[in-house]
2 protein chains.
Amino acid sequence: MKIAVDAMGGDLAPQAIVEGVMQATSELPSDARIVLIGREDAILEIFRQNNFSSSVVDIIHAEDVIEMGEHPTKALSQKPNSSIGIGFKLLKEKEIDIFCSAGNTGAMHVGALFSIKAIEGVLRPAIAGYVPQVGGGYAIMVDIGANADCKPEVLAQFGEIGSLFVQHTFQIERPRVALMNIGEEEQKGSLTAQATYPLLKDNKKINFIGNIEGKDLFTNKADVIVTDGFTGNVLFKLGESFYEIAKQKGIQDDFIDQTNYESIGGSSIIGVNGNVMIAHGISSPLAIKNMLGWAYKQVKSKAYLHIANALN
Amino acid sequence: MKIAVDAMGGDLAPQAIVEGVMQATSELPSDARIVLIGREDAILEIFRQNNFSSSVVDIIHAEDVIEMGEHPTKALSQKPNSSIGIGFKLLKEKEIDIFCSAGNTGAMHVGALFSIKAIEGVLRPAIAGYVPQVGGGYAIMVDIGANADCKPEVLAQFGEIGSLFVQHTFQIERPRVALMNIGEEEQKGSLTAQATYPLLKDNKKINFIGNIEGKDLFTNKADVIVTDGFTGNVLFKLGESFYEIAKQKGIQDDFIDQTNYESIGGSSIIGVNGNVMIAHGISSPLAIKNMLGWAYKQVKSKAYLHIANALN
């Protein structure tokens, strides 16, 4: 298995990315190789500083870098030799099994859509965020930022592809799918939420358990939380802030520690023909290391192939 | 000052409501009288159980009760002698200075619109939720549930009336108004958020500081957080769950304790010609007691008159 990482993506790149990769090598299963994509001299310099040499890390040189503030579509077409451009080229050609980056999120999303493309029948690929649950385990929330405005049909499909993703990644037989809403009753919510509810309820391929509320995000009510990318993003970021506040206050707790973005490290783009993970711009070495653990699981799950089979 | 409380509203009414009122009497300033509206015999029975007698509590008998699940408009027209119906009649006639209830939220909102009515020029009255801030003090988030779908003009006005409300209730000269969004840059967000930003920016009556993100809810970035009632509701409820999770985990912290719904006790309907507060259905005596403290401050602030003057 080849797990590719954009060495140049993120506010602390390449230093933090390469450090995270070095840490990951000792923890990943033996069938995993890591491919670092970026400026070879910069990567080698960090290896040297750390006296690091490993037979399980390859470097693929990329001359250019897409910066955080660049316009995704323009940057991708103008910089085919950027680390993100090369990463998606390799992913499309199946030279790598997953592409991970803490760089420009828009460029990662557009890059996935332009290279490996949406799975046939998928209306809108989305970003699935991992949400730790009190009592253990994780739910995913779909979408957490790729699609700020969603039609009911799009939301309903998030429930279906999210369910397949969770089923295969977490080995949960019938994942509980819930709609994030402002009340438990069917008729509650925005016009979009009201129109989405019956579409989810009528879909016999999923185990729809109804609406959940903001207070239920962490409380193990659902395995797949369906929401638009605006609502999902603000909820996800508020959830991550719990750890920041607790840390400031000197509070240490195993669950709250899991709400730290570093403990998960990345989110998955689902609904595309391949495996893509994106990480926070501020990603630390720990965050990168942990993302690579999830990346390994995601590749093993073959979730995207199961989604493609189910829809076609 | 007469602070009226619906004795019959809430899952634990009238017991928890009357107990909260009894506790409040010893803490409220001496110019506050409490008016309990509800079934006189039930209220008196609770007084008797507690050997309670006070010269600052009046009872106004209401024969009927609007239940939590009832349709707001129907219930209000069919039950004029309900505690909520009588409460709004008294508020309209200025027999009381504020009306508070933990009962049917929809009936409280519709009751306010039908009786004291929206302030002229206010597009949509909204519910302002009090959000404790790390480091002390409170922000308000508008809306937290009355208007699940909001046009940009409505959101922009939440910024203006929210700013006036905070200015007079919290005595903050130029409250910082922010738009809840999924990124800090102006062009970020849903179509609605993108269209709202310039309206807030161009409004010279407010101190608009730009977008904030979910992670900023508690971190003292803004005094007025503008959002639609869907987003605001899910964020507010996730915020309240912080306390519930910490309590389960045995974590005690002054800030986290403030995220407990009981510590604030209620939210304010703003944009109407009078003072109205609503509380959680599950309100405990402590929540009711604390709401009455806020109610006192709200009446003193005359915020609704300031809003009416500013708009007309």
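None of the values given here were measured: they were computed from a predicted structure.

Basis of the calculations
Residues numbered from 1 in each chain as written. Chains lettered and ligands numbered in written order. Predicted model: local features only at pLDDT ≥ 70, side-chain atom pairs only at ≥ 80, totals over all residues. Heavy atoms only, no water. Domains from an automatic or database assignment. Contact = heavy atoms within 4.5 Å. Buried area = accessible area lost by both parts, 1.4 Å probe. Polar contact = N/O pair within 3.5 Å; in protein donor to acceptor, adjacent residues only side chain to side chain. Helix = DSSP H or I, 4+ residues; strand = E, 2+ residues; numbered from the N terminus. Nonpolar A, V, L, I, M, F, W, Y, C, P; charged D, E, K, R; others polar. Axes fitted to C-alpha atoms, helices over the stretch in contact; angles between N-to-C directions. Parallel < 35°, antiparallel > 145°, perpendicular 65-115°, else oblique. Left-handed = near helix turned anticlockwise from the far one by under 90°. Salt bridge = Lys/Arg side-chain N within 4 Å of Asp/Glu carboxyl O. Buried < 20%, exposed > 50% of the residue type's maximum accessible area, 1.4 Å probe, protein only. Least-squares fit on C-alpha atoms with pLDDT ≥ 70 in both. Pairing = 2+ DSSP bridges. Right-handed = clockwise from strand over helix to strand, strands pointing away. Core = buried A, V, L, I, M, F, W, Y, C linked by side-chain atoms within 4.5 Å. Expected span 1.5 Å × (residues − 1).

What about the domain arrangement of chain A?
Residue and element names in this part refer to chain A. Along its sequence, chain A is organised into domain 1 (1-118 + 271-302) and domain 2 (123-270). Relative placement of domain 1 and domain 2: their C-alpha centres are 25 Å apart. Contacts between the two partners involve 23 residues from domain 1 and, on the opposite side, 22 residues from domain 2. Where domain 1 abuts domain 2, roughly 1900 Å² becomes buried across the two surfaces, and 64% of that area is made up of carbon and sulfur atoms. Of all residues in domain 1, His 109, Ile 278 and Trp 294 give up the largest surface area on contact with domain 2, accounting jointly for 33% of the area buried on that side. For the pair domain 1 and domain 2, the interface holds eight residue pairs in polar contact (both at pLDDT 80 or more). If you list the elements that add at least two residues to the side of domain 1 that touches domain 2, you get helix H5 (105-114), strand S11 (275-278) and helix H11 (285-301). Element by element, the count of residues in the side of domain 1 that touches domain 2 is highest for H11, at seven residues. Its residues placed into classes, the side of domain 1 that touches domain 2 shows 14 nonpolar, nine polar and no charged.

Structural notes on the packing of helix H8 (residues 229-248) of chain A against helix H8 (residues 229-248) of chain B
Put simply, H8 of chain A and H8 of chain B touch, their axes get as near as 10 Å, and they point 20° apart. In this view, H8 of chain A runs roughly parallel relative to H8 of chain B, as classed from their interaxial angle. Of the two elements, H8 of chain A crosses H8 of chain B, and the hand of that crossing is right-handed. Contacts between H8 of chain A and H8 of chain B involve Phe 230, Thr 231, Val 234, Leu 235, Leu 238, Gly 239, Phe 242 and Ile 245 of chain A from the former and Phe 230, Thr 231, Val 234, Leu 235, Leu 238, Gly 239, Ser 241 and Phe 242 of chain B from the latter. Here the residues of the contact of H8 of chain A with H8 of chain B are counted per class, giving 11 nonpolar, five polar and no charged.

Concerning the pattern of salt bridges
In total, this model carries 30 salt bridges over all chains according to the counting rule given. Here Asp 58 of chain A ties to Arg 33 of chain A by a salt bridge, and the two come within 2.7 Å at their closest N and O atoms. Of the two residues, Asp 58 of chain A sits in strand S3 (residues 57-61) while Arg 33 of chain A sits in strand S2 (residues 33-38), which places them 25 residues apart along the sequence. Accessibility expressed as a relative area gives 23% for Asp 58 of chain A, which makes it partly exposed. Given the relative accessible area of 27%, Arg 33 of chain A is considered partly exposed. Residue Lys 237 of chain B pairs with Glu 213 of chain A through a salt bridge whose shortest N-O separation is 2.3 Å. Highlighted residues: Lys 237 of chain B in helix H8 and Glu 213 of chain A in the loop between strand S8 (207-212) and strand S9 (224-226), drawn from two different chains.

Things to note about the relation of the copies chain A and chain B
Mapping between the two chain copies consists of a rotation about an axis together with a translation along that axis. Expressed as a screw transformation, the operator carrying chain A onto chain B has a rotation angle of 180° and an axial translation of 0.0 Å, and the superposed copies differ by an RMSD of 0.0 Å. Such a combination of rotation and displacement between the chain copies is what one expects of a two-fold axis. Most of the interface of chain A is mirrored in chain B, where 100% of its interface residues again form contacts.

Notes on the pairing of strand S3 (residues 57-61) of chain B
Residue and element names in this part refer to chain B. In this structure, strand S2 (residues 33-38) lies alongside S3, joined through five bridges in parallel fashion. Bridge pairing in S3 links Leu 36 to Ile 59. Crossover handedness for the path S2 to helix H2 (residues 40-49) to S3: right-handed.

So, the interface of chain A and chain B
With 34 residues of chain A at the interface, the matching set in chain B holds 34 residues. When the two sides are added together, the surface that chain A and chain B hide from each other amounts to roughly 3100 Å², 75% of it contributed by carbon and sulfur. Contact with chain B buries surface across chain A, with Ile 182, Phe 230 and Leu 238 of chain A losing the most and accounting together for 21% of the total. At the junction of chain A and chain B, the tally comes to four salt bridges. Here Asp 253 of chain A makes a salt bridge to Lys 249 of chain B, at a shortest N to O gap of 3.9 Å. Summed over the shared surface of chain A and chain B, the number is six residue pairs in polar contact (both at pLDDT 80 or more). At the level of secondary structure, the elements contributing two or more residues to the side of chain A that touches chain B comprise helix H7 (191-201), H8 and helix H9 (254-258) of chain A. Among the elements that make up the side of chain A that touches chain B, the one with the highest residue count is H8 of chain A (13 residues). For the side of chain A that touches chain B, the residue count by class is 17 nonpolar, 11 polar and six charged.

Things to note about the nonpolar core
Ranked by internal contacts, the top residues of the largest apolar core, which has 226 residues, are Leu 36 and Leu 292 of chain A together with Leu 36, Phe 218 and Leu 292 of chain B. Setting aside its immediate chain neighbours within four residues, Phe 218 of chain B contacts Leu 238, Phe 242 and Ile 245 of chain A together with Val 131, Pro 132, Gln 133, Val 134, Gly 239, Phe 242, Phe 255 and Thr 259 of chain B.

Comments concerning the pairing of strand S4 (residues 98-101) of chain B
The two faces of the sheet receive side chains in turn, since in a regular strand these alternate between them. Residue and element names in this part refer to chain B. Of the two faces of S4, the one lined by Ile 98 and Cys 100 and the one lined by Phe 99 and Ser 101 are each fully buried. Here strand S1 (residues 2-6) pairs with S4 via three bridges, running parallel. Across the sheet, residue Ala 4 finds its bridge partner in S4, namely Phe 99. Across four bridges, the pairing between S4 and strand S11 (residues 275-278) is parallel. Paired with Ser 101 across the two strands is Ile 278, which belongs to S11.

Comments concerning H11 of chain A
Since one α-helical turn is 3.6 residues long, residues separated by three or four positions face the same way. Residue and element names in this part refer to chain A. The end-to-end C-alpha distance of H11, which contains 17 residues, comes to 25 Å, matching closely the 24 Å that a straight helix rising 1.5 Å per residue would cover. Burial runs high along H11: 12 of the 17 residues are buried. Where H11 is concerned, the buried positions are Pro 285, Ala 287, Ile 288, Lys 289, Met 291, Leu 292, Trp 294, Ala 295, Tyr 296, Gln 298, Val 299 and Ser 301.

Things to note about helix H1 (residues 15-25) of chain B
Residues and elements named next belong to chain B. For H1, a buried count of eight out of 11 residues is recorded, marking the element as mostly surrounded by other parts of the structure. For H1, the set of buried residues is Ala 16, Ile 17, Val 18, Gly 20, Val 21, Met 22, Ala 24 and Thr 25. Looking at the buried residues of H1, the elements they touch are S1, S2, H2, S3 and helix H11 (285-301).

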